[in-house]
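# Results of the structural survey
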Amino acid sequence: MEELEQLKLVLVAWGIIGIIACILALFAWNKMKKKNPNFATLKASPQEQRKAKIFVMGVLCGVLLYVVLLMAVVATMCYEFTPWVVYGICAFWTIMTIAFFVGSLRQK
């Protein structure tokens with residue numbers, strides 16, 4: 001029963017961290033939008049469009065990493081012995097997320 005209480009505590013803490021990260025991302029987006037009203041629009045310069053793309057891809061990849069790490073934490077807490085397959089899947093998705101983000105940074 002103690003493990004269930006710990007799992008609940010971890011999930012609440014993880015949720016609070018996620019909410020704070022989303023709020024910080026929204027504040028950063030709002031700051032960029034105030035600095036340049038054409039940010040992330042078709043009127044923006046190519047450099048500004050690239051900044052917007054990097055920001056959006058960074059947030060999406062951050063969310064993916066957040067979910068993968070949550071899966072690893074929950075799997076670790078739910079089992080006395082966590083199968084290595086779970087760790088392999090988490091590592092695979094983490095590497096793919098990083099590769100996805102780095103691939104989005106390339107200039108065309």
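The text that follows walks through the structure, step by step, so that each part is easy to find. Everything quoted here is computed from the prediction, not taken from an experiment.

Together, Val12, Ile16, Ile19, Ile20, Ile23, Leu24 and Phe27 give the surface a local cluster of nonpolar side chains, amounting to about 700 Å² of exposed area. Within the element layout of this structure, Ile16 appears in helix H1 (residues 2-35). Judged by its relative accessible area of 47%, Ile16 is partly exposed.

Space inside the largest pocket adds up to approximately 210 Å³. Lining the largest pocket we find Gly18, Ala21, Cys22, Ala25, Leu26, Trp29, Phe55, Gly58, Val59, Gly62, Val63 and Tyr66. When contributions to the lining of the largest pocket are tallied by element, the ones reaching two or more residues are H1 and helix H2 (46-78). Here the lining of the largest pocket is built from residues that sort into 9 nonpolar, 3 polar and no charged.

Calculation rules
- Residues numbered from 1 in each chain as written.
- Predicted model: local features only at pLDDT ≥ 70, side-chain atom pairs only at ≥ 80, totals over all residues.
- Heavy atoms only, no water.
- Patch = residues over 30% accessible without salt bridge, like charges linked within 9 Å, V, L, I, M, F, W, Y side chains within 5 Å.
- Areas by Shrake-Rupley, 256 points an atom, 1.4 Å probe, with all protein chains shown as cover.
- Salt bridge = Lys/Arg side-chain N within 4 Å of Asp/Glu carboxyl O.
- Helix = DSSP H or I, 4+ residues; strand = E, 2+ residues; numbered from the N terminus.
- Buried < 20%, exposed > 50% of the residue type's maximum accessible area, 1.4 Å probe, protein only.
- 1 Å grid on protein atoms, 1.4 Å probe; cavity = no way out; pocket = protein on both sides within 12 Å on 5 of 7 lines; lining within 4 Å.
- Points joined across faces, edges and corners; volume = space filled by probe spheres on them.
- Nonpolar A, V, L, I, M, F, W, Y, C, P; charged D, E, K, R; others polar.

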